[in-house]
Amino acid sequence: MAVQRTFSIIKPDATRRNLTGAINAKIEAAGLRIIAQKRIHMTAAQAGHFYAVHKARPFYGELCAFMASEPVVVQVLEGEEAIAKYREVMGATDPAEAAAGTIRKDFALSKGENSVHGSDAPETAAEEIAYFFAGLELVG
Ligand code: CMP
């Protein structure tokens, strides 16, 4: 078991409904530590850069517009196997397929408005963290 860092976004559908605290409670209950966190309002260009890997997908435009529609909370989470653990805490992308007790099962509205994002691998976690945070902002 290795201590890892992963990147998280609490998305506009969740910040709008005042769910930041409820989502953070699930993160912390799973043993993950929130070692950096800030509320930002992305431009469509910034969201487009973040989701560039999905550029060819039919939902790309909708996804970028949604992520820039209202504030989000960006976070760095730390813990044992944090990347896989957070994906477990989030649940499946589509809330209809998410397991009971997961963030997406309890809070997500749809596949697009699915409340949270989490990194899928160590390389993407490092890239995503570096896009939003300076090293000095990570307080482990
Ligand atoms: P996320 O983990 O942030 O990474 C890519 C996002 O694309 C994903 O969560 C979903 O919010 C979004 N997404 C994936 N599939 C669809 C879809 N079919 N329609 C709209 N958005 C989608």
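Rules used in this analysis
- Each chain has its residues counted from 1, following the order in which its sequence is written.
- At least 70 in pLDDT is required for a residue's local features to be given in this predicted model, at least 80 for side-chain atom pairs to be given and counted, and no such filter applies to totals for whole chains, interfaces and linings, which use all residues.
- No hydrogens and no water enter the side-chain calculation; it runs on all heavy atoms of the structure.
- Helix numbers and strand numbers start at the N terminus; a helix is a DSSP run of H or I with at least 4 residues, a strand a run of E with at least 2.
- In this analysis, strands are considered paired if DSSP registers two or more bridges between them.
- Each axis is a line fitted through C-alpha atoms, and for a helix only the stretch in contact is used; angles between axes span 0 to 180 degrees, taken between their N-to-C directions.
- Here, residues are in contact when the closest pair of their heavy atoms is within 4.5 Å.
- Classification of ring pairs rests on two measures: the distance between centres of Phe, Tyr or Trp rings, Trp counted by its six-membered ring, which must be within 6.5 Å, and the angle between planes, read as stacked under 30 degrees, edge-to-face over 60 and tilted in between.
- Only protein chains enter the calculation, and the probe is 1.4 Å; a residue is then buried if its accessible area is under 20% of its type maximum, exposed if over 50%, and partly exposed in between.
- As a reminder, the over-ring test applies to NZ of lysine and CZ of arginine, requiring each to be within 6 Å of the ring centre and within 35 degrees of the ring normal.
- If even one non-hydrogen atom of a residue comes within 4 Å of a molecule or strand, that residue is called near it.
- Counting of polar contacts relies on pairs of N or O atoms within 3.5 Å, with two restrictions inside protein: one atom must be capable of donating a hydrogen and the other of accepting it, and residues adjacent in sequence are counted only when both atoms are side-chain atoms.
- For every accessible area listed, the method is Shrake-Rupley and the probe measures 1.4 Å; residues are considered covered only by the protein chains on display.

What follows concerns unusual backbone geometry. Among all residues save glycine, negative phi is the norm, and among peptide bonds the norm is trans. For glutamate 81, which is not glycine, the phi torsion reads 50° and is therefore positive. Within the secondary structure layout, glutamate 81 lies in the loop between β3 (72–80) and α5 (82–90).

Below, the discussion takes up the sheet that holds strand β2 (residues 33–40). One open sheet accounts for four strands, arranged β2-β3-β1-β4; its pairing is antiparallel. One side of each edge strand has no neighbouring strand; the edge strands of this open sheet are β2 and β4 (116–118). Here the strands of the sheet are splayed against their neighbours by 20° on average, with no regard to which way each runs. Its contacts with the sheet place helix α7 (residues 122–132) against β1 (3–10), β2, β3 and β4, and it is angled at close to 55° to β1.

Within the structure shown, the criterion is met by five aromatic pairs. With a centroid separation of 4.9 Å and an interplanar angle of 75°, the aromatic rings of tyrosine 131 and phenylalanine 132 are classed as edge-to-face. For phenylalanine 132, a relative accessible area of 10% puts it in the buried group. Over the aromatic face of phenylalanine 133 sits the side chain of lysine 38, whose NZ or CZ is 4.6 Å from the ring centroid.

Looking now at the site of the ligand. Surveying the vicinity of the ligand reveals the residues Lys11, Tyr51, His54, Phe59, Leu63, Thr93, Arg104, Lys111, Gly112, Asn114 and His117. Measuring from an oxygen atom of the ligand, one finds a side-chain N or O atom of tyrosine 51 at 2.5 Å. Here asparagine 114 contributes a side-chain N or O atom positioned 3.2 Å from an oxygen atom of the ligand. Considering the ligand on its own, with 450 Å² of exposed area, one finds that the protein chains cover 80% of that surface.

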